Amino acid sequence: MTLSIRVLTGAEILSAIDDLADLRMRVFAEWPYLYDGDAAYEAEYLREFVAAPHGVLIAACDGARIVGAATASPMAAQTAAFQAPFRARGLDVARLFYFGESVLLADYRGQGVGHAFFDGREAQARRCGASAATFAAVIRPADHPRRPADYLPLDGFWRKRGYAPVDGFITQLPWKDHDEAGESPKPMQYWLREF
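J.: What exactly am I supposed to notice about the overall build of the protein chain here?
T.: If you tally the helices and strands in the protein chain, you get 6 helices and 7 strands. Mapped in sequence order, the helices and strands of the protein chain form the string β-α-α-α-β-β-α-β-α-β-α-β-β. The C-alpha radius of gyration of the protein chain comes to 16 Å, within 12% of the 16 Å expected for a compact globule of 195 residues. Principal-axis analysis of the C-alpha atoms places the extent of the protein chain at approximately 40 × 40 × 35 Å. Counting only residues that meet the buried cut, the protein chain has 44% of its 195 residues in that class. Partitioning the intrachain contacts of the protein chain with sequence separation of at least 6 by distance along the chain shows that 71% fall at a separation of at least 24. Here the protein chain holds 21 positive side-chain charges and 25 negative ones, and the gap between their average locations is 6 Å.

Here it is as structure tokens:
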């Protein structure tokens, strides 16, 4: 398999929405997200996210097939409700980039794609004048019954990239786990890196 990394912006992103929605549902179905997704919701969410000016999608491709993707867009382009906790902490949303999902099929992990995803998103953030980037990661208890015995958190990878969890900066995002009848809020830890 020969992997290539493509940077998509503007209308190019819209052409990849269905592939990205499928990837999100497949990868986020795994630990630690356990997400029971809906294709229609995914496509709409992604259209809103990537419609932001200066949004970017970094795609990992095996030939013409997208096997992984990561998104980012300016925090100033997010909804007022999404920006509010950052503003409350005194963070300048005009100088902040938000990194959305980073999803990669299991067979392609361990080949440097994660670094390419961060490199591409950080480059876009800098081109747009951002001085920091942030993302959120789900918090699951260590004794969760569905946690795989061999699970290795990505915290070490993120720290090596210069990101750190922001003390006490946790939000709640709702989604439906596989074993739930409906959505429930999940704690999400924000991580931040200044450039």
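J.: Would you mind showing me how to read the sheet that holds strand S6 (residues 164-175) here?
T.: Note on sheets: strands pair through backbone hydrogen bonds, and any given pair is parallel or antiparallel. Overall, mixed pairing links the 7 strands, which are arranged S1-S2-S3-S4-S5-S7-S6 in an open sheet. Two strands in the sheet have a free side with no partner beyond their single neighbour: strand S1 (3-9) and S6. Across the sheet, the axes of successive neighbouring strands diverge by a mean angle of 25°, strand direction being ignored. Relative to strand S7 (residues 184-194), strand S5 (residues 132-138) is paired through 7 bridges, and the arrangement is antiparallel. From the neighbouring strand, Ala-136 faces S7, where its bridge partner is Tyr-190. Contacts between helix H2 (residues 17-28) and the sheet are confined to strand S2 (56-62), strand S3 (65-74) and strand S4 (96-104), with S4 contributing the most and set at about 70° to the helix. Packed onto the sheet, helix H5 (residues 113-127) meets S1, S2, S3, S4, S5 and S7 and runs at close to 155° relative to S4.

J.: Mind showing me how you'd approach the packing of aromatic side chains here?
T.: Tallied over the full model, the rule gives 17 aromatic pairs. A ring pair is formed by Trp-158 and Trp-191, whose centres lie 5.0 Å apart and whose planes are at 70°; its orientation type is edge-to-face. Of the two residues, Trp-158 is situated in helix H6 (residues 155-160) and Trp-191 in strand S7; the sequence distance between them amounts to 33 residues. You can call Trp-158 buried: its relative accessible area is 13%. Put simply, the rings of Phe-99, Phe-118, Phe-135, Phe-157, Trp-158, Tyr-163 and Trp-191 touch in pairs and so form one group of aromatic residues.

J.: I'm lost on H5 in this one. Help?
T.: Given 3.6 residues to a turn, an α-helix orients residues that are three or four positions apart in the same direction. Counted at 1.5 Å a residue, the expected span for H5 with its 15 residues is 21 Å, and the 21 Å between its end C-alpha atoms agrees. Those residues of H5 that sit buried are Val-113, Ala-116, Phe-117, Phe-118, Gly-120, Arg-121, Glu-122, Gln-124 and Ala-125.

J.: Whenever I open this one, the environment of Gly-110 confuses me. Can you help?
T.: Looking at the element boundaries, Gly-110 is found in the loop between S4 and H5. With relative accessibility at 85%, the residue Gly-110 sits in the exposed group. Taking the C-alpha atoms as reference points, Gly-110 and Ser-131, 21 residues apart in sequence, are found 29 Å from one another.

J.: Just to check I follow, could you spell out unusual backbone geometry for this structure?
T.: Peptide bonds are mostly trans, and most non-glycine residues show a negative phi. Cis geometry marks the peptide bond from Trp-31 to Pro-32; its omega dihedral reads 10°. Within the secondary structure, Pro-32 is located in the loop between H2 and helix H3 (39-50). Backbone geometry at Leu-34 places phi at a positive 55°, although glycine is not the residue there. We classify Leu-34 as buried; its relative accessible area is 4%.

Scoring rules and cut-offs
Residues numbered from 1 in each chain as written. Predicted model: local features only at pLDDT ≥ 70, side-chain atom pairs only at ≥ 80, totals over all residues. Heavy atoms only, no water. Helix = DSSP H or I, 4+ residues; strand = E, 2+ residues; numbered from the N terminus. Rg over C-alpha atoms; globule rule 2.2 N^0.38 Å. Buried < 20%, exposed > 50% of the residue type's maximum accessible area, 1.4 Å probe, protein only. Contact = heavy atoms within 4.5 Å. Lys, Arg positive; Asp, Glu negative; His and termini not counted. Charge placed at Lys NZ, Arg CZ, Asp CG, Glu CD. Pairing = 2+ DSSP bridges. Axes fitted to C-alpha atoms, helices over the stretch in contact; angles between N-to-C directions. Phe/Tyr/Trp six-rings, centres within 6.5 Å; stacked < 30°, edge-to-face > 60°. Expected span 1.5 Å × (residues − 1).

Note that every value here comes from positions in space, so none of it alone points to a role or purpose.
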